[in-house]
Structures are given as structure tokens and as C-alpha cells.
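If you want the building blocks of each chain, they are given just below.
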Amino acid sequence: MLFVIPQFKALFTSFGADLPAFTLLVIAISDFMTQYWWAIGFGLAAFAYFVKNLFQRSAAFRRIVDQVVLKIPVIGNILNKAALARFARTLSTMFAAGVPLVEALQSVAGATGNVVYSDAVNRMREQVATGQALQLAMRQQDLFPHMVIQMTAIGEESGALDEMLGKVADFYEEEVDNAVDSLSSLLEPLIMVVIGGLVGSLVIAMYLPIFKLAAVV
């Protein structure tokens, strides 16, 4: 856009013929980027700084972003499982170390890596502090899968909560690893298709006038 297409533009200008609409569109985009590359770079940097600053300062914005991210197909499923794995692993480790459940939940809220899960854990901590069972508090959040709630209930009844949560963490950590591997294998051909489509479109746009000129000759 900045170096190659301007050279084609100079070549096409010397032809003195009408150019195809697709070629004109690509040349117009190239002219805009050539003239205002500094504004585009500054705008992208300013936007990134603004979003980063807003994400750090605004809890409401972080909550909206995390809610949206969790609903993205494929990626949202991975992030949900990752948050569940962190929740189960952290709570299992702290409970096994003898930390009281209420205090452990306070620490776990910050370890989930997602505001949606963090808010749910904080609500659970308040309910557990009033004497409610952990599995009942989890059920009321409408966020944890049935399997996680059942494993937590078994752990509470048998006195092996840390062991049950450890098994939950093992399960979801393996699920995340498998999902990431599958996503990586899908992304490679997708990236090739996208890059090939972009490069192919630019080549077609630049060679259409040449083919047109050859047909006229």
C-alpha cells in the first residue's frame, strides 16, 4: 500500500486508459494510507492507550468486556473452562493448606482472571459466611456447570473438598489444553486463507488494467 501500489499507479497513469473500479478502489486506499500514515498510526496508538487505561480504571468496562468475551464462539468456551480450572485449583490448594473457606474464597475471586467469575465468587463468599453450603451458593450463581457443583457437594459431604476440587481442576486444565491445541490447528489454515485472499486480491487489482490493455492491443 505504501511502496508497491504507488509505482503501479504511476505506470497506469502513463497508459492514459480507464482503470477498473476494483483497481481504482485499491489505489484510493493506497493514496489515503500514503498521505495519512502518520495519522493512522497515531490514531491506533491513541485508541490502544485509551482502551487500556479505561480497562484498568473502570470496573464496569472490564465487566462488559469479560461478559462479551465469554460469549465469543470457541474462544469463550476456552476462557470459561480456564476460569473454572483456576477457581478449582486455587480453592483446592488453599483449602488443603488449612485456609478457612471464607478467606480462601476471597483470594480465589482475584485468581479467576475474569470479572464475571470474580463477582460470582464474591457473592458466594458472602453466602458461605452466613452459613450456607458452598455447593448451594455455587448453584445460585447460574454460572458453574452441574458437574462442578456435584463434585463440590460430594467433597463437602465426604470431607474431601480439596481432593474433589483438585480433580475438577485436572479435568478442566486438560480440556483447556485440548481446546487450545484444536484451535491452533484450525487457525493455521484459516490464517493462510486470509493472507492468500488479501494478497490475491491486490495482485488481481494491479494486473486487471494490464490484462485490459493487452486485450485492447
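Placed above this text is the structure.
Residues numbered from 1 in each chain as written. Predicted model: local features only at pLDDT ≥ 70, side-chain atom pairs only at ≥ 80, totals over all residues. Heavy atoms only, no water.

J.: I keep staring at the overall build of the chain and nothing clicks. Help me out?
T.: When helices and strands are tallied, the chain shows nine helices and zero strands. Computed over the C-alpha atoms, the radius of gyration of the chain is 27 Å, more than 25% above the 17 Å expected from 2.2 N^0.38 for a compact globule of 217 residues. The principal-axis extent of the C-alpha atoms belonging to the chain is close to 90 × 35 × 25 Å. Out of the 217 residues in the chain, the part that is buried amounts to 29%. Contacts spanning at least 24 positions in sequence make up 55% of the contacts within the chain whose residues lie at least 6 apart. Computing the positive centroid from 14 side-chain charges and the negative centroid from 18, the chain places the two 10 Å apart. (Helix = DSSP H or I, 4+ residues; strand = E, 2+ residues; numbered from the N terminus. Rg over C-alpha atoms; globule rule 2.2 N^0.38 Å. Buried < 20%, exposed > 50% of the residue type's maximum accessible area, 1.4 Å probe, protein only. Contact = heavy atoms within 4.5 Å. Lys, Arg positive; Asp, Glu negative; His and termini not counted. Charge placed at Lys NZ, Arg CZ, Asp CG, Glu CD.)

J.: Help me understand helix α2 (residues 21-57), please; the structure alone is not making it clear to me.
T.: Turn by turn, an α-helix covers 3.6 residues, leaving residues three or four places apart pointing in a common direction. Compared with an ideal rise of 1.5 Å per residue, which puts 37 residues at 54 Å, α2 spans 46 Å between its outermost C-alpha atoms and falls more than 12% short. At Y36, α2 shows its largest kink, close to 80°. For α2, the set of buried residues is T23, V26, I27 and S30. (Expected span 1.5 Å × (residues − 1). Bend = angle between axes of the 7 residues up to and from the residue.)

J.: Please clarify how the packing of helix α3 (residues 59-70) against helix α6 (residues 115-129) should be interpreted in this entry.
T.: Helix packing for two helices is described by the angle between their axes and how far apart those axes are. Interhelical geometry of α3 versus α6 gives an angle of 110° and a closest axis separation of 8 Å. Judged by the angle between their axes, α3 and α6 are roughly perpendicular. Here R62, R63, D66, Q67 and L70 of α3 lie close against α6, whose contacting residues are V115, V116, Y117 and D119. Of the residues contributing to the contact of α3 with α6, the split by class is four nonpolar, one polar and four charged. (Axes fitted to C-alpha atoms, helices over the stretch in contact; angles between N-to-C directions. Parallel < 35°, antiparallel > 145°, perpendicular 65-115°, else oblique. Nonpolar A, V, L, I, M, F, W, Y, C, P; charged D, E, K, R; others polar.)

J.: Help me understand the nonpolar core in this model?
T.: Where a protein is soluble and globular, its nonpolar side chains tend to be buried together. By size, the foremost hydrophobic cluster in this structure holds 31 residues, and its most contacted members are F87, L91, L105, M124, L134, M138 and F144. Residue contributions to this core peak at seven residues, all from helix α4 (residues 75-96). F87 has contacts with L105, V108, T112, V121, M124, M138 and F144, leaving out every residue within four places of it along the chain. By size, the runner-up hydrophobic cluster in this structure holds seven residues, among which are F8, F12, I27 and M206. (Core = buried A, V, L, I, M, F, W, Y, C linked by side-chain atoms within 4.5 Å.)

J.: I tried to follow the packing of α4 against α6 on my own but got confused; where do I start?
T.: Look at α4 against α6: their axes get within 11 Å of each other, and the N-to-C directions meet at 35°. Crossing of α4 against α6: the hand is right-handed. Across from N80, A83, L84 and F87 in α4, the residues of α6 making contact are Y117, V121 and M124. By residue class, the composition of the contact of α4 with α6 is six nonpolar, one polar and no charged. (Left-handed = near helix turned anticlockwise from the far one by under 90°.)

J.: What is the right way to look at the pattern of salt bridges in this model?
T.: Close approach of charged atoms allows side chains with opposite charge to pair. In this structure the tally under the stated criterion is six salt bridges. For the salt bridge of E175 with K81, the shortest nitrogen-to-oxygen distance reads 2.9 Å. Of this pair, E175 sits in helix α9 (residues 161-216) while K81 sits in helix α4, and the two are 94 residues apart along the sequence. Using a relative accessible area of 15% as the deciding quantity, one classes K81 as buried. The partner of R89 in a salt bridge is D170, and the shortest N-O contact between them spans 2.4 Å. Taken as a pair, R89 in helix α4 and D170 in helix α9 lie far apart in primary sequence, 81 residues in all. Each of R89, D170 and E173 takes part in salt bridges that share partners, so that together they form one network. (Salt bridge = Lys/Arg side-chain N within 4 Å of Asp/Glu carboxyl O.)

J.: What exactly am I supposed to notice about the packing of aromatic side chains here?
T.: Aromatic ring pairs are reported here in terms of the distance separating the ring centres and the angle at which the planes meet. Taken as a whole and assessed by the stated rule, the structure comprises five aromatic pairs. Among the aromatic residues, those joined into a cluster by ring pairs are F87, Y117 and F144. (Phe/Tyr/Trp six-rings, centres within 6.5 Å; stacked < 30°, edge-to-face > 60°.)

J.: Looking at this structure, I do not really get the environment of L161. What am I missing?
T.: Along the polypeptide, L161 turns up in helix α9. A sequence separation of 70 residues divides L161 from L91, and the C-alpha atoms of the two residues are 9.2 Å apart.

J.: What is the right way to look at α4 in this model?
T.: Here α4 spans 31 Å end to end across 22 residues, near enough to the 32 Å set by a 1.5 Å rise per residue. Once α4 ends, the next one or two residues include G98, with phi positive near 90°.

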